[in-house]
Amino acid sequence: MIETTHLLDVDDLTAEDLETVLDRAAAIKAGEDDTDLDRQTLAMVFEKPSTRTRTSFETAMTRLGGHAIFLGPDDIHLGSGEPVKDTARALAGYADAIMARLFDHADAEELAAYSDVPVINGLTDDAHPCQTLADLLTVRERFGGFDDVTVAWVGDGNNVAQSFVLGAALADLDLVVATPPEYGIDDDVLDRAADLGSAPRLVDDPADAVDGADVVYTDVWVSMGEEDEREEKLRAFQGYQVNADLLAGSDAAVMHCLPAHRGEEITDDVVESDRSIVWQQAENRLHAQAGLLVELLA
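Here the structure is a predicted model, which is why all the values come from computation and not from measurement. Think of each chain on its own: its residues are numbered from 1, step by step along the sequence as written. Whole-chain, interface and lining totals are the exception, using all residues; otherwise, since this is a predicted model, local features are given only for residues with pLDDT of at least 70 and side-chain atom pairs are given and counted only at 80 or more. Hydrogens and waters are ignored; side-chain quantities use all the structure's heavy atoms.

Most often, soluble globular proteins keep nonpolar side chains buried together rather than apart. Buried residues of nine kinds, namely Ala, Val, Leu, Ile, Met, Phe, Trp, Tyr and Cys, make up a nonpolar core once their side-chain atoms join them within 4.5 Å. The rule is simple: take the accessible area with a 1.4 Å probe, protein chains only, and divide by the maximum for that residue type; under 20% is buried, over 50% is exposed, in between is partly exposed. Counting residues in each nonpolar core, the largest one holds 61 residues, and the members touching the most others are Leu42, Leu133, Leu173, Leu292 and Leu293. Here this core gets 9 residues from one element, more than from any other, and that element is helix H6 (residues 159–171). Residues contacting Leu173, with those up to four places away along its chain left out, are Leu136, Val139, Phe146, Val149, Val151, Phe164, Ala168 and Ser198. Trp221, Val222, Tyr240 and Val271 belong to the second-largest nonpolar core, a separate cluster that totals 23 residues. Strands here mean DSSP runs of E at least two residues long; helices mean DSSP runs of H or I at least four residues long; both are numbered from the N terminus. Here, two residues are considered to be in contact whenever any of their heavy atoms come within 4.5 Å of each other.

Below you can see the structure in the form of structure tokens.
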């Protein structure tokens, strides 16, 4: 079992915990682990819509013999009809774990502070640890481990990037990050990565990041809730698109956490190319989260 009670960001895990979760996920995916969560319930709280988060968590609980309950913004009173701490205590009395996909990271922290059962961050504006677990599982499958593997992040230093920075540090994975200066990784996250022993190398030029990389990873430039910044961000990210020109001379695999805005941060031909491991990465959300659920609940 892993040491942490809650997963609010990936560095709630130790390096050993991370390896344990990834090993468990790989065994579940291979059909070599029959641990079940019979009669256990996951309460899934959603402020933001989702394709992969809801489907992967719900499917994982079903395959593990448990049950998942979807609670959308019209189903409960999170932070509006009642305080977050009251929702946390009520749900903890009914369910064996809570997964929350929220806007404000402070709400996830409050859920965890007042819950007697594990709280899993399914995404906040600050962090997306479950995506990082799937990302690292995908890299490990592709290369047989993390030794001598370099990943280039190209684009926005958003919640996905920030959790991946921490996950890469835990896994001792070489990471180069190329963002416009005003859209970089938060200093706090860089400090936490350094404390884990492996801060990323920061560059401004995407070509510098991609040079020598084994994987190129990108995400949308305009995240959910940032629609009013769209025009400003599209101007700032000119030259950061992952396209055939950027990848010329490279045999790097390409990752994207989805949904992809094809023609903005990545081109359709790259997503659909033989170098894309986007769909393996998407499927691994299911297996990584199943591994996490078993380690937290079994």
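Regarding helix H4 (residues 105–114), the residues found buried are His105, Asp107, Ala108, Leu111 and Ala112. The arc enclosing the buried residues of H4, seen along the axis, measures out at 160 degrees, which places them on a common side. On its buried face, H4 sits against helix H3 (84–94), strand E3 (97–101) and strand E4 (119–123). Here a polar contact is recorded for every N or O atom pair within 3.5 Å, except that within protein the pair must consist of a potential hydrogen donor and a potential acceptor, and residues adjacent in sequence are included only if both atoms are side-chain atoms. The N-capping residue of H4, defined by a side-chain oxygen 2.9 Å from the backbone nitrogen of Ala106, is Asp104. Of all possible arcs, the one meant is that of the directions from the helix axis to the C-beta atoms.

Further remarks concern the sheet that holds strand E1 (residues 41–46). Any two strands with at least two DSSP bridges between them are considered paired. The 4 strands lie next to each other as E2-E1-E3-E4, forming an open sheet whose pairing is parallel. If you trace the sheet from one side to the other, it starts and ends with strand E2 (67–71) and E4, each paired once. Strand-to-strand twist of the sheet, defined as the mean angle between neighbouring strand axes without regard to direction, takes the value 20 degrees. Sheet analysis places E3 next to E4, joined by 4 bridges and oriented parallel. Along E4, the bridge assignment pairs Ile98 with Val119. Angles here are taken between N-to-C directions and fall from 0 to 180 degrees, while the axes themselves are lines fitted to C-alpha atoms, restricted in helices to the stretch in contact.

With that settled, the discussion passes to a negative patch on the surface. Together, Asp104, Glu109, Asp126, Asp186, Asp187, Asp191 and Asp195 give the surface a local cluster of negative charge. With 3 residues, the single largest contributor to the negative patch is helix H7 (residues 187–196). Take Asp187: it is sitting in helix H7. Residue Asp187 is classed as exposed on the basis of its relative accessible area of 59%. The patches described consist of residues with a relative accessible area above 30% and no salt bridge, like charges being joined within 9 Å and nonpolar side chains (Val, Leu, Ile, Met, Phe, Trp, Tyr) within 5 Å. Using the Shrake-Rupley algorithm and a 1.4 Å probe, accessible areas are obtained, with residue cover drawn only from the displayed protein chains. Here, a salt bridge means any side-chain nitrogen of Lys or Arg that lies within 4 Å of a carboxyl oxygen of Asp or Glu. His is not counted here, nor are the chain ends, while Lys and Arg score as positive and Asp and Glu score as negative. Every charge is mapped to an atom, namely NZ of Lys, CZ of Arg, CG of Asp or CD of Glu.

Across the two faces of strand E9 (residues 253–256) the burial is the same, with Ala253 and Met255 and Val254 and His256 all buried. Pairing between strand E8 (residues 215–218) and E9: 4 bridges, direction parallel. Bridging across to E9, Val216 finds its partner in Val254.

What follows concerns the environment of Arg275. Within the secondary structure layout, Arg275 lies in the loop between helix H11 (268–271) and helix H12 (278–297). Since its relative accessible area comes to 23%, Arg275 is described here as partly exposed. Ignoring sequence-local partners within four residues, the contact set of Arg275 consists of Leu247, Ser250, Asp251, Ala252, Ala253 and Val254.

This part is about unusual backbone geometry. Cis geometry marks the peptide bond from Leu258 to Pro259; its omega dihedral reads 0 degrees. One can find Pro259 in the loop between E9 and H11. Residue Arg39 is not a glycine yet carries a positive backbone phi of 70 degrees. Here Arg39 shows up in the loop between helix H1 (15–29) and E1. With relative accessibility at 76%, the residue Arg39 sits in the exposed group.

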